[in-house]
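# Coordinate analysis (summary)
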Amino acid sequence: MVESKRLNKIPEKVIIPLRQHRGAVCESLVKKGDEVLIGQKIGESSEHYSSAVHSSVCGEVLAVEESAHPDGNKVMSVVIQPSDSEETVAFTPVKNPSKDALLKLIKEAGIVEHYGAPTHTVLKPSDGKIDIVVINATASEWIGGKYNTPKEYSSQMIAALKLLMKAAGASKGAIIVGKDDEESIEAFDGVEVDGKALKVAPLLGSRRLGHYFKDQNSNIVVASQKRIYGKNILNFFTYNVTGRKVALGSDPTSVGVAICGVKSAKALYDAVHEGKPYYETVITIEGAEDCPEYMLVKIGTPFKDVIESCNFGEVGKIIANGVLTGVAQYTDEVPVTKGTTKITVQKPEEILRDESDVCVHCARCVDACPVSLIPSRLAVMADQGRFDECRQFHIENCIECGKCAAVCPSKIHILQLIRYAKDAICLAYEDLPCKESSNLKLGCCGGE
Ligand code: SF4
Ligand code: SF4
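All of the points below concern the structure found in this document.

So, how was this worked out
- Counting from 1, residues in each chain are numbered in the order their sequence is written.
- For naming, the first written chain is A and the first written ligand is 1, with later ones following in the order written.
- The predicted origin of the model limits local features to residues at a pLDDT of at least 70 and limits the giving and counting of side-chain atom pairs to 80 or more, whereas totals for whole chains, interfaces and linings rest on all residues.
- Excluded from the side-chain calculation are hydrogens and water; included are all heavy atoms of the structure.
- Secondary structure elements follow DSSP: runs of H or I of four or more residues count as helices, runs of E of two or more count as strands, with numbering from the N terminus.
- One fewer than the residue count of a helix, multiplied by 1.5 Å, yields its expected span.
- Only protein chains enter the accessibility calculation, which uses a 1.4 Å probe; a residue is then buried when its area is under 20% of its type maximum, exposed when over 50%, and partly exposed in between.
- What makes two strands pair is DSSP finding at least two bridges between them.
- Identification of polar contacts relies on pairs of N or O atoms within 3.5 Å, with a donor-acceptor requirement for protein atoms, meaning one able to donate a hydrogen and the other able to accept it, and with residues adjacent in sequence counted only if both atoms are side-chain atoms.
- Nearness of a residue to a molecule or strand requires only that one of the residue's heavy atoms be within 4 Å of it.
- Cavities and pockets are found on a 1 Å grid laid over the protein atoms alone: a cavity is a set of points where a 1.4 Å probe fits but cannot escape, a pocket is an open set with protein on both sides within 12 Å along at least five of seven lines, and a lining residue has an atom within 4 Å of such a point.
- To be counted as sitting in a cavity or pocket, a molecule needs more than half of its atoms within 2 Å of that site's grid points.
- Note on residue classes: Ala, Val, Leu, Ile, Met, Phe, Trp, Tyr, Cys and Pro are nonpolar, Asp, Glu, Lys and Arg are charged, and everything else, Gly too, is polar.

### Remarks on helix H3 (residues 150-168)
In a regular helix each residue adds 1.5 Å, so 19 residues correspond to 27 Å; H3 covers 27 Å between its end C-alpha atoms and thus fits that length. Taken as a whole, H3 has its buried residues at Tyr-153, Ser-154, Gln-156, Met-157, Ile-158, Ala-160, Leu-161, Leu-163, Leu-164, Met-165, Ala-167 and Ala-168. With its phi angle positive at about 70°, Gly-169 sits one or two positions after the end of H3.

### Observations concerning the sheet that holds strand E5 (residues 41-44)
In space, the three strands of this open sheet follow the order E3-E5-E6, with antiparallel pairing throughout. Bordering the open sheet on either side are strand E3 (27-28) and strand E6 (53-54), each of which pairs with just one other strand. Relative to E6, E5 runs antiparallel, the two being bridged by two bridges. The partner of Lys-41 across the bridge, within E6, is His-54.

### A look at the environment of Asp-194
Mapping Asp-194 onto the fold places it in the loop between strand E11 (192-193) and strand E12 (196-197). A sequence separation of 62 residues divides Asp-194 from Ile-132, and the C-alpha atoms of the two residues are 18 Å apart. Within polar-contact distance, the side chain of Asp-194 engages the side chain of Lys-162 at 2.8 Å.

### Re the site of ligand 1
In the vicinity of ligand 1 there are 13 residues, among which Cys-369, Cys-398, Cys-401, Gly-402 and Cys-404 approach most closely. In a pocket analysis with a 2 Å cut-off to the grid points, ligand 1 is assigned to the second largest cavity. Of the residues that constitute the shell around ligand 1, the class distribution is 11 nonpolar, one polar and one charged.

Structure representation (structure tokens):
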């Protein structure tokens, strides 16, 4: 199992954004000059679609002001000068919480999904009911560091899944691991659920979770499938694992499926068993010569401090959340947030500065697209503002994985053009009813 390292260096300041997800920005509960402790709640909102924010350090509040956020915007943030004290507020574990108590705890503990939704809104959507909870562990090999053994990791994930199912009132649950992630498969193979040892089932062909719930005679299963990367993979992933089609413009909760991440599952486990709120996270480090692949970091730690703790050499470009679909940063003063999964640092000579050339119709982008789009045509239509035609060519199905742009020999900025068109379409067609995805109808993204 890949080990992670805790970032022990105390930053000069931590910057904790009062918005860690889509939706409402929290109101600050502190002001300049206040002293805060680790785990102290420093922001909250009465809106349902919101989640509390906690201090990750002990120290003095320097300011409550707008600061750079890794998504490229400026967000109201609490800036704290940390002391070297590790004093925390009193953490109180919760014994056998009820469904409602769990939902309340999830909001209070600040647990959110890395894709931007507060976890309690995923488990209890305003318009429907969840019957399956799925932990997507395909893209996060693991959260290292805190676990002594792979089996400890897998049994905690099963316990976390049960808590998520209880909060959602769901009768079934599943954990999906990457089919090439041997460590996770080994960790979960034989894991005990209610006295029964589970096998990790590969999702093959048209077999979905429903088959394995029956086959294993269990309401909880662990399955493996090919990893899917991309910014908007939720609907695609939901179809792959459950066979349920999510209407365009909607999300998996509309078909009774709650998709959670490994990080939020772990955060819930800690909130229940230790009483700890969500104030630190594990991120992947990419580009360093001599650094652990994973690092446990306090939320609010500036990228600068993470980078300085690794041997990156000369820094050319900093990217949050992956090279293919992430956001290049204009400053290293942006903080790690609950949505940060990866920090990539490129050396000056690694930065791609090539100008785009004309399309040579090689069709590599078509071959690379996991949802069977024609990226080259979409890029041309987007560039020319032909958004109606983009819709006819099902641009909404794009999961923003960036594979088309990565393989394009002409360095055409396909993903950026597609995002531009999708944004324009969202603005222009926001009143249109959701329609079913034609791609999903074709089943072209069947589980593998
Ligand atoms: S069009 Fe490009 S970014 Fe969109 S899903 Fe296809 S390959 Fe990925
Ligand atoms: S990969 Fe690039 S050059 Fe090739 S067809 Fe697609 S857009 Fe055109």
